[in-house]
Amino acid sequence: MKIAILPGDGIGTEIVAEAVRVLNVLDLKFEMETALVGGAAFDAHGHPLPESTLKLAMASDAVLFGAVGDWKYDTLDRPLRPEQAILGLRKNMGLFANFRPAICYEQLVGASSLKPELISGLDILIIRELTGDIYFGQPRGRRVATDGHFPGAEEAFDTMRYSKPEIERIAHVAFQAARKRKAAGKEGRVTSVDKANVLETFQFWKDVVSEVGKEYPDIALDHMYVDNAAMQLVKEPKRFDVVVTGNMFGDILSDEASMLTGSIGMLPSASLNSKNQGLYEPSHGSAPDIAGKGVANPLATILSAAMMLRFSLNQAAAADRIETAVKAVLAQGLRTPDIYSEGTTKVGTSQMGDAVVKALR
Ligand code: NAD
Ligand code: IPM
Ligand code: MN
């Protein structure tokens, strides 16, 4: 089992270090190789995704990724910015299916900014399409407008687009995930989030998802506009089971959903391709505001490592062990500052990692 370890920038290095320690106490044989990515790779090699890093990722069974980005790179030409590294990995590896499970652990019910009764028992799965949409659509750029409200003015443009096969394959992923969850006692429902009332791309999305849905008569399907979905997520989050949506809406809604779990530092993710190769990363970024302070929550990354064991490495038992250990540590009352509440014990990044390692032993 070969794992590429790509810590990246900011808190990426701090949280990945804890996840690696956790992997190392599992008594499994991994071959781990670490490489630079993002701003760190730009500083060392002049490119955020060096050929050698991409090669390593492609040749591995799974990638464990931290985060990339820092304000100091925001004025670089776009192809050289750290964020291009994660986009390039997703595109080159074909990682079209992004799983972001928002689970509220009972111990953290009080850490959320929402009322306990709204989130207690919450377990929803956001499935975000990850290689299409306005993120990758061409053409894009800057030019002088020849029409619109201000002909002759400088303008910028991006292209939102989805092809039928792109929508079909992510819809199948969502329906199959809902089926699996139904077998495990969940409702078995897919909510497809779109903006079909305004956008051609998302009317098409809705039509194609409905068509695919006919192949899954055992799974309920409903459609919701993204603005309503953003509202419903904080009004009545437990009404959702599986949410499937496009790249940009999924980016935004998953950050919103993270607060239902207590903190963005709790939301793991898996990005899979059709060969079950996967990249595993917390849903959050490099958090430059707290980087280097040793206070970042490593649990989203540790839980992402558990997803990696389950989805790409066929080690479900080890994944269960990690998730049980995380719950045990939370039950002990240990909290990084982002999930701290009165009556619990505030710890730093490495103390949290220590505690998970100890619980595993
Ligand atoms: P962010 O997710 O890095 O941080 C948002 C807020 O959440 C900050 O206040 C941060 O301190 C907090 N936070 C995030 N992770 C945390 C953790 N584990 N523990 C405690 N608090 C945590 O988003 P941002 O500030 O908008 O972006 C910062 C940089 O990260 C940007 O360069 C952005 O492009 C990049 N980014 C990268 C990824 C990725 O690598 N996949 C994802 C998102 C953002
Ligand atoms: C995420 C991030 C990325 C995205 C950025 C860093 C490119 O926000 O993984 O959610 O927008 O997909
Ligand atoms: Mn994001």
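Just so it is clear, the structure is predicted and the values come from calculations on it, not from any experiment.

### Observations regarding the overall build of the protein chain
Here is step 1: Of regular secondary structure, the protein chain possesses 12 helices and 14 strands.
Here is step 2: Rg of the C-alpha trace for the protein chain: 20 Å, near the compact-globule value of 21 Å for 361 residues, within the 12% margin.
Here is step 3: Counting only C-alpha atoms and orienting by the principal axes, one finds that the protein chain spans roughly 65 × 50 × 40 Å.
Here is step 4: For the protein chain, the residues scored as buried account for 48% of the 361 residues in total.
Here is step 5: Put simply, of all contacts in the protein chain between residues at least 6 apart along the chain, 74% involve residues at least 24 apart.

### Quick notes on the UniProt feature "domain: Isopropylmalate dehydrogenase-like" (unreviewed entry) in the protein chain
Here is step 1: Taken from the UniProt record, the annotation "domain: Isopropylmalate dehydrogenase-like" (unreviewed entry) applies to residues 2-356.
Here is step 2: Strand forms 18% of residues 2-356 and helix 39%; the C-alpha atoms that close the span are 23 Å apart.

### Remarks on the packing of helix H3 (residues 51-58) against helix H4 (residues 83-93)
If you want to describe how two helices pack, look at the angle between their axes and the distance between the axes.
Here is step 1: The geometry of H3 relative to H4 is characterised by a closest axis approach of 11 Å and an angle of 45 degrees between their N-to-C directions. Compared by their axis directions, H3 and H4 come out oblique. H4 is crossed by H3, and the crossing has right-handed handedness. Residues Leu-54, Ala-57 and Met-58 of H3 form the contact with H4, whose participating residues are Gly-88, Leu-89, Asn-92 and Met-93.
Here is step 2: Considering only residue class, the contact of H3 with H4 consists of five nonpolar, two polar and no charged.

### Observations concerning the domain arrangement of the protein chain
Here is step 1: By domain assignment, the protein chain separates into domain 1 (1-96 + 275-361) and domain 2 (123-259).
Here is step 2: Computed from C-alpha coordinates alone, the two centres of domain 1 and domain 2 are separated by 26 Å.
Here is step 3: Here the side of domain 1 that touches domain 2 is built from residues that sort into three nonpolar, two polar and two charged.

### Some details on the site of ligand 2
Here is step 1: Taken together, the neighbourhood of ligand 2 is formed by Gly-69, Glu-83, Ile-86, Leu-87, Asp-251, Ser-283 and Gly-285.
Here is step 2: Considering each element in turn, the shell around ligand 2 owes the most residues, three residues, to H4.

### Some words on the site of ligand 1
Here is step 1: Lining the immediate environment of ligand 1, one finds 22 residues, of which Gly-69, Gly-265, His-284, Gly-285 and Asn-297 sit closest.
Here is step 2: Looking at the shell around ligand 1, the elements that each hand over two or more residues are helix H1 (11-24) and H4.
Here is step 3: Considering only residue class, the shell around ligand 1 consists of 11 nonpolar, six polar and five charged.

### A word on the sheet that holds strand E9 (residues 220-225)
Here is step 1: Reading across the sheet, the 10 strands line up as E2-E1-E3-E12-E11-E4-E5-E10-E8-E9 and stay open at both edges, with mixed pairing between neighbours. The outermost strands of the open sheet, each flanked by one partner alone, are strand E2 (31-34) and E9. In this sheet, neighbouring strand axes are inclined to one another by 20 degrees on average, regardless of whether the strands run parallel or antiparallel.
Here is step 2: Two strands pair when backbone bridges link them, and strand E5 (residues 123-129) and strand E10 (residues 242-245) are joined in this way by four bridges, in the parallel orientation. Counterpart to Leu-125 in the pairing with E10 is Val-242.
Here is step 3: Each of strand E8 (189-194) and E9 is contacted by helix H8 (residues 226-235), which is oriented at about 105 degrees to E9, the strand it contacts most.

### Topic: the environment of Ala-67
Here is step 1: Within the secondary structure, Ala-67 is located in strand E3 (residues 62-67).
Here is step 2: Distance in space between the C-alpha atoms of Ala-67 and Ala-85 is 9.9 Å, their sequence separation being 18 residues.
Here is step 3: Residue contacts for Ala-67: discarding those within four places in its chain leaves Gly-8, Asp-9, Gly-10, Ile-11, Gly-12, Glu-281, Pro-282, His-284, Gly-285 and Ser-286.

### Concerning the environment of Phe-202
Here is step 1: Its location among the elements puts Phe-202 in helix H7 (residues 200-213).
Here is step 2: On the basis of neighbour count, Phe-202 is assigned to the buried category, with 25 C-beta atoms found within 10 Å.
Here is step 3: In sequence terms Phe-202 and Tyr-162 are 40 residues apart; their C-alpha atoms lie 8.5 Å from each other.
Here is step 4: Residues in contact with Phe-202, not counting those within four places in the same chain, are Asp-194, Lys-195 and Ala-196.

### Some details on unusual backbone geometry
Here is step 1: Cis geometry marks the peptide bond from Gln-138 to Pro-139; its omega dihedral reads 0 degrees.
Here is step 2: With respect to the helices, strands and loops of the structure, Pro-139 is situated in the loop between E5 and strand E6 (141-144).
Here is step 3: Although it is not a glycine, Asp-133 sits at a positive phi angle of roughly 75 degrees.
Here is step 4: Residue placement: Asp-133 occurs in the loop between E5 and E6.
Here is step 5: In the Ramachandran plot, Asn-314 falls in the positive-phi region, its phi being about 60 degrees despite a non-glycine side chain.
Here is step 6: The residue Asn-314 is located in the loop between helix H10 (299-311) and helix H11 (316-331) in this model.

### With respect to the environment of Ala-183
Here is step 1: As for its position among the elements, Ala-183 is in helix H6 (residues 164-183).
Here is step 2: C-alpha separation for the pair Ala-183 and Gly-292, spaced 109 residues apart in sequence, amounts to 43 Å.

### A few points about the nonpolar core
Here is step 1: Formed by 105 residues in total, the largest nonpolar core has its most connected members in Leu-64, Ile-127, Ala-174, Tyr-280, Ile-302 and Ala-305.
Here is step 2: Among the elements that make up this core, the one with the highest residue count is H10 (10 residues).
Here is step 3: Residues contacting Ile-302, with those up to four places away along its chain left out, are Glu-18, Ala-19, Val-22, Ile-322, Val-326 and Val-356.

The rules behind these values
- Residues numbered from 1 in each chain as written.
- Chains lettered and ligands numbered in written order.
- Predicted model: local features only at pLDDT ≥ 70, side-chain atom pairs only at ≥ 80, totals over all residues.
- Helix = DSSP H or I, 4+ residues; strand = E, 2+ residues; numbered from the N terminus.
- Rg over C-alpha atoms; globule rule 2.2 N^0.38 Å.
- Buried ≥ 20, exposed ≤ 12 C-beta atoms within 10 Å, placed from the backbone.
- Contact = placed C-beta atoms within 7 Å.
- UniProt positions renumbered as here; feature names shortened; annotations may be inferred.
- Axes fitted to C-alpha atoms, helices over the stretch in contact; angles between N-to-C directions.
- Parallel < 35°, antiparallel > 145°, perpendicular 65-115°, else oblique.
- Left-handed = near helix turned anticlockwise from the far one by under 90°.
- Nonpolar A, V, L, I, M, F, W, Y, C, P; charged D, E, K, R; others polar.
- Domains from an automatic or database assignment.
- Near = placed C-beta within 6 Å.
- Pairing = 2+ DSSP bridges.
- Core = buried A, V, L, I, M, F, W, Y, C linked by C-beta atoms within 7 Å.

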